[in-house]
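An overview of the molecular structure
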Amino acid sequence: MELRSKTSSREKRPRARTLKNINKEMLLGCGIDPAALPIILPKTRHLNLLIEDVKLYAANILKQTMLSIGGDVAIHRGVINGKKPLSSCIITGDLRHFKKLEESLRQQPGLASMADTIRQQIHPGENHLDLDLCSHHYHWEATPLIMGILNATPDSFSDGGLWNDLDKAVDHCMEMVEQGAQIIDIGGESSRPGSREVDRETEVSRVIPLIEKLAARIDVPISIDTKKADVARMAIDAGAGMVNDISALRDDPDMMEVIADTGSGICLMHMRGTPKTMQKNTGYDDIITEVYNFLDERVNTCVQAGVSPSSIIIDPGIGFGKDLKGNLGLIGRMQEFKSLGMPLLVGHSRKSFIGQTLDTQVNDRDEGTDAVTAWSVMEGADIIRVHDITHAQRTRSVIRSIMEEA
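Residues numbered from 1 in each chain as written. Predicted model: local features only at pLDDT ≥ 70, side-chain atom pairs only at ≥ 80, totals over all residues. Heavy atoms only, no water.

Observations regarding the overall build of the protein chain
Definition in use: Only runs of H or I of at least four residues qualify as helices and only runs of E of at least two qualify as strands under DSSP, and these elements are numbered from the N terminus. Any two residues whose heavy atoms approach within 4.5 Å at even a single point are treated as in contact. For accessible areas, the Shrake-Rupley method is used with a probe of radius 1.4 Å. Any residue's cover is judged against the shown protein chains and nothing else. The positive count covers Lys and Arg only, the negative count covers Asp and Glu only, and His and the chain ends enter neither. Note on charges: their place is set at NZ of Lys, CZ of Arg, CG of Asp or CD of Glu.
The number of helices and strands found in the protein chain is 15 helices and 13 strands. Structurally, the protein chain occupies a C-alpha span of about 90 × 75 × 40 Å along its principal axes. In the protein chain, the proportion of contacts linking residues at least 24 apart, taken out of those at least 6 apart, comes to 66%. For the protein chain, the exposed area adds up to about 20,900 Å²; of that, 50% sits on carbon and sulfur atoms. Of the charged side chains in the protein chain, 47 are positive and 57 negative; the average position of the first set lies 10 Å away from that of the second.

Describing the packing of aromatic side chains
In plain terms, the rule: Stacked, tilted and edge-to-face pairs are distinguished by plane angle, under 30 degrees for stacked and over 60 for edge-to-face with tilted covering the rest, among Phe, Tyr and Trp rings (Trp via its six-membered ring) whose centres lie within 6.5 Å. Exposure is judged per residue with a 1.4 Å probe applied to protein chains only, and the accessible area is read against the type maximum: over 50% gives exposed, under 20% gives buried, and values in between give partly exposed. Only when the NZ of Lys or the CZ of Arg is both within 6 Å of the ring centre and within 35 degrees of the ring normal is a charge said to sit over the ring.
Scanning all chains against the criterion turns up two aromatic pairs. Look at Tyr138 and Trp140: their rings are 5.6 Å apart centre to centre, the planes differ by 10°, and that puts the pair in the stacked class. Given a relative accessible area of 21%, Tyr138 falls into the partly exposed group. The ring of Tyr284 carries the charged tip of Arg272 above its face, separated from the ring centre by 3.7 Å.

Description of a negative patch on the surface
Put simply, the rule is: Only residues above 30% relative accessible area that lack a salt bridge enter a patch, with like-charged residues linked at up to 9 Å and the nonpolar side chains Val, Leu, Ile, Met, Phe, Trp and Tyr linked at up to 5 Å. The working definition used for a salt bridge is a side-chain nitrogen of Lys or Arg within 4 Å of a carboxyl oxygen of Asp or Glu.
On the surface, a cluster of negative charge is made up of Glu52, Asp53, Asp285 and Asp286. Looking at the secondary structure, you find Asp285 in the loop between β10 (265–269) and α11 (287–304). Using a relative accessible area of 88% as the deciding quantity, one classes Asp285 as exposed.

Looking at the sheet that holds β10
How we decide: Being paired, for any two strands, means DSSP has found at least two bridges between them. Note on geometry: axes are C-alpha line fits, over the in-contact stretch for helices, and angles between N-to-C directions span 0 to 180 degrees.
Read across the open sheet, the eight strands follow the order β11-β10-β9-β8-β7-β6-β13-β12; overall the sheet is parallel. If you trace the sheet from one side to the other, it starts and ends with β11 (312–315) and β12 (345–347), each paired once. Across the sheet, the mean angle from the axis of one strand to that of its neighbour is 25°, orientation sign disregarded. The pairing of strand β9 (residues 242–245) with β10 spans four bridges and is parallel. The residue bridging Val243 from the neighbouring strand is Ile266, located in β10.

Some points on helix α3 (residues 56–68)
The condition is simple: In a helix, the anticipated span is given by 1.5 Å times the number of residues less one.
The end-to-end C-alpha distance of α3, which contains 13 residues, comes to 18 Å, matching closely the 18 Å that a straight helix rising 1.5 Å per residue would cover. Listed in full, the buried residues belonging to α3 are Ala58, Ala59, Leu62, Lys63, Thr65 and Met66. Packing partners of the buried residues in α3 comprise β1 (46–55), β2 (72–74), α4 (77–80), β3 (86–94), α5 (95–105) and α6 (112–122). A positive phi of about 100° marks Gly70, the residue just after α3.

Brief notes about the packing of α3 against α5
Heads up, the condition is: These descriptions rest on fixed angle ranges, namely under 35 degrees for roughly parallel, over 145 for roughly antiparallel, 65 to 115 for roughly perpendicular, and the rest for oblique. Definitions for this section: a left-handed crossing has its near helix turned counterclockwise from the far helix by less than a right angle. A right-handed crossing has that turn clockwise. The nonpolar class holds Ala, Val, Leu, Ile, Met, Phe, Trp, Tyr, Cys and Pro. Asp, Glu, Lys and Arg form the charged class, and all remaining residues, Gly among them, are polar.
It is the contact of α3 with α5, at a shortest axis distance of 10 Å, that shows an interaxial angle of 130°. Between α3 and α5, the angle falls in the class oblique. Like other packed secondary-structure pairs, α3 and α5 cross with a definite hand, here right-handed. Contacts between α3 and α5 involve Ile61, Leu62, Thr65 and Met66 on the former and, on the latter, His97, Leu101, Ser104 and Leu105. Its residues placed into classes, the contact of α3 with α5 shows five nonpolar, three polar and no charged.

Some points on the pairing of β9
For clarity, the cut-off: Crossovers are marked right-handed if the path from the first strand over the helix to the second runs clockwise, as seen with the strands pointing away from the viewer.
On β9, burial covers both faces: Met242 and Asn244 on one face and Val243 and Asp245 on the other are all buried. Here strand β8 (residues 222–225) pairs with β9 via three bridges, running parallel. Counted as the bridge partner of Ser223 is Met242 from β9. Handedness of the crossover joining β8 and β9 through helix α9 (residues 229–238) is recorded here as right-handed. Between β9 and its parallel partner β10, the chain crosses via helix α10 (residues 255–262), and the hand of that crossover is right-handed.

Looking at the pairing of β10
Buried residues dominate β10, accounting for five of its five residues. Relative to β11, β10 is paired through four bridges, and the arrangement is parallel. Pairing of Leu268 across the sheet is with Ile314, part of β11. Traced from β10 through α11 to β11, the parallel crossover comes out right-handed.

Following this line, the structure appears as structure tokens:
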């Protein structure tokens, strides 16, 4: 009786894998000459970049430059015959093409800022963070920074009533710094949906003694979360270095002067209406464009008023006048706001869109917060504003390690 082997005699088929990203270890694993890495690796990173509202002459330069180096640009057909003054441009190529395009644009009159924009989008992880806050220059080697939240209020949605005692509030701020917070944001007026404004005296009593006591004990910058110019000025005199204004300097006409006079940092946030009314109007035709244009206008207004660009931060305003779809859309495309050229702050911690997504109450949203934190790290956010510093620090550390390895 003839015995047959169970091993198939058919030819072994090659295995196939879809590789989203290729790093040097994978290339070396294929047996290539290590000297070829600088040549091959950039060819493996194909990218598509959308730039909107490009002037006719710049769109033609983009098109011709990329074609000359082996890439391409999709532009409106009316640009070619001069009938379209502005066009959206989709630039497509690998890292070599984008590097050559950036170098070429820097040699073209008036296009250096576009080269900067392209570099910020293609290499968001390379950005360090520098801020000038009340005559102090701060430099951080790696982003995002972690901003710790301290609400000295009885009615904030997450920690309202927890830190009304001055000593407890100071101790908690110190604890956040020890856990890794690099900025402390202190507020004395709730901005949760439906909340009412408090009078100046109440807000001052909640925040100024806390800032005075805290400023003497920590070296990290202190931010005052307020819309009132006189509260902001008193906070700066007490030791705060920046103002976090959810109205983007629109609520109090004197706030711009305070920022320009003191050299304070300023965080400009997008919001429709007021905290009391903002959730009554959450429909947008194009939320990304509307928020982008709003922040662009506020940045330009600040610069024209004498505020240093190195003191400005932008915040798309997660949860402020947006529904679930709008919040998720802003987070999913946050990297687009980097082209404004200002540090990007993301304030997502424990907010209602996480509760809607997970069907959880405010005290059970840390996992959802951590997920958005991880996404923010990958998308190049410069500052993340959170309640739980340890969770944010650990999430950031793991994502950074993965990104460095990849």
